[in-house]
Amino acid sequence: MKKFFLFLTFMAAVSTSFAQKKLVLYYSETGHTKTVAEELQRQLNADIECIEAVTPYSGNFQETIQRGQREMQSGELPALKPLKSKMADYDIIFLGYPIWFGTYANPIATLVRDNDFAGKTIVPFCTFGSGGLNASTDALLKALPKANVKAGYGVRTARVAAAPKEIDRFLKEKGYKEGTVEKLPEYSAQQLVTDAEKAIFDAACSSYQFPLGTPATVGKRETSESTDYKFTVKGRGPNGAESTSIIYVTVGKEQGAQPEFTQVVR
């Protein structure tokens, strides 16, 4: 009987989520986050708006880094154009951004400073070169203590083509969209990396522009569509100190599938 009442409570919560008004609000410089935002909007049938800086960033990688660093050092965040959407009209805001310097892009820092998100449910989504979803979500939790910041979705810019299927799973798992998906198994316990597993790691990560370290141990799981790996990796941080990170790698089961790393968690 207790399980039955818990099930009813869960279903009531899901039904409420479907009825709530949703906004996909995002900042995108190069178009990758825009692609993800538009896919979310399509699957949710939600409203959508792009955040714009009064003085746009150039889209050039080095110029953006230099400007971003100046803004962070000076504390002078970029001014934003006024939003057309009224935050008061929405229950759930899917907040999207690229990862800069390990967290959300500077325009999002302006947004959360200048707007009242109290009582709103915030679902982060982001695009990144290697990782940053966890760190940026933690930053949002600190910046928006009166909002209900939920677990979010992130995808590497090199894997944006995988976003539609991954977003479908994410939205259904979290109750933002009707439907069910295969429950993913837990990763196995960490074991020492074999030569074959090291080769899979290298195939997935060796072409990345920055060194990601050396895998020491690995856990695995099998799904209907892939074999997934959770590598514990030893390396060095920006200051030269030894560091440990987690790198996730997936290998699809379709013929000719190549290993891909999906994110780094530092």
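Everything in this summary refers to the structure shown in the same document. Remember, it's a predicted structure, so these values are computed and weren't measured experimentally.

### A few points about the overall build of the protein
Part 1 of the argument: Summing up its helical and strand segments, the protein has 7 helices and 12 strands in all.
Part 2 of the argument: Since a compact globule built from 266 residues should have a radius of gyration of about 18 Å, the 20 Å found for the protein is in line with a globular shape.
Part 3 of the argument: Projected onto its principal axes, the C-alpha coordinates of the protein cover approximately 60 × 55 × 30 Å.
Part 4 of the argument: Here the protein, with 266 residues, has 42% of them falling under the buried criterion.
Part 5 of the argument: Considering only intrachain contacts with a sequence separation of at least 6, the fraction spanning at least 24 residues in the protein is 67%.
Part 6 of the argument: A total of about 14,800 Å² of accessible surface is found on the protein, and carbon and sulfur atoms cover 52% of it.

### A short note on the sheet that holds strand 11 (residues 242-252)
Part 1 of the argument: In spatial order, the strands read 8-9-10-11-12; together these 5 strands make up an open sheet with antiparallel pairing. Here the strands that pair on one side only, and so sit at the sheet edges, are strand 8 (191-192) and strand 12 (260-265).
Part 2 of the argument: Two elements, strand 11 and strand 12, share 5 bridges in a ladder whose sense is antiparallel. Note that in strand 12 the partner of valine 249 across the bridge is phenylalanine 261.
Part 3 of the argument: Contacts between helix 7 (residues 195-205) and the sheet are confined to strand 8, strand 9 (214-222), strand 10 (226-236), strand 11 and strand 12, with strand 11 contributing the most and set at about 90° to the helix.

### Remarks on the environment of serine 207
Part 1 of the argument: Checked against the element boundaries, serine 207 lands in the loop between helix 7 and strand 9.
Part 2 of the argument: Owing to a relative accessible area of 68%, serine 207 belongs among the exposed residues under this scheme.
Part 3 of the argument: Between the C-alpha atoms of serine 207 and glutamate 49, which are 158 residues apart in sequence, the distance is 35 Å.

### Some details on the pattern of salt bridges
Part 1 of the argument: Under the criterion given, the structure shown has 15 salt bridges.
Part 2 of the argument: Residues glutamate 197 and lysine 220 are paired through a salt bridge, measuring 3.6 Å at the closest nitrogen-oxygen approach. Of this pair, glutamate 197 sits in helix 7 while lysine 220 is found in strand 9, placing the two residues 23 residues apart along the sequence.
Part 3 of the argument: A salt bridge links lysine 198 to aspartate 202; the shortest N-O distance between them is 2.8 Å. A residue pair is termed a helical-turn pair when its members lie 3 or 4 positions apart in one helix, as lysine 198 and aspartate 202 do in helix 7 at 4 residues.
Part 4 of the argument: Judged by relative accessible area, which is 30%, lysine 198 ranks as partly exposed.
Part 5 of the argument: Residues joined in a network through salt bridges with shared partners are Arg159, Glu166 and Glu260.

The rules behind each value
- For every chain, the first residue of its written sequence is number 1, and the numbers climb from 1 along that sequence.
- Local features in a predicted model are, by the rule used here, given only for residues with pLDDT of at least 70; side-chain atom pairs are given and counted only at 80 or more, and totals for whole chains, interfaces and linings are based on all residues.
- Side-chain measures were taken over the full set of non-hydrogen atoms in the model, leaving aside hydrogen atoms and water.
- The helix and strand labels rest on DSSP assignments: H or I over at least four residues marks a helix, E over at least two residues marks a strand, and numbering proceeds from the N terminus.
- Note on method: radius of gyration uses C-alpha positions; expected globular size equals 2.2 Å times residues raised to 0.38.
- Categorising residues by exposure relies on relative accessible area from a 1.4 Å probe, with only protein chains included: less than 20% of the type maximum marks a residue as buried, more than 50% marks it as exposed, and the intermediate range marks it as partly exposed.
- We call two residues in contact when some of their heavy atoms are within 4.5 Å.
- Surface exposure here means Shrake-Rupley accessible area, sampled with a 1.4 Å probe, where a residue is shielded only by the protein chains that are shown.
- Strands are labelled as partners when DSSP assigns at least two bridges between them.
- In this analysis, axes come from line fits to C-alpha atoms, helices being fitted only over the stretch in contact, and the angle between any two N-to-C directions falls in the range 0 to 180 degrees.
- The term salt bridge refers to a pairing of a side-chain nitrogen on Lys or Arg with a carboxyl oxygen on Asp or Glu at a separation within 4 Å.

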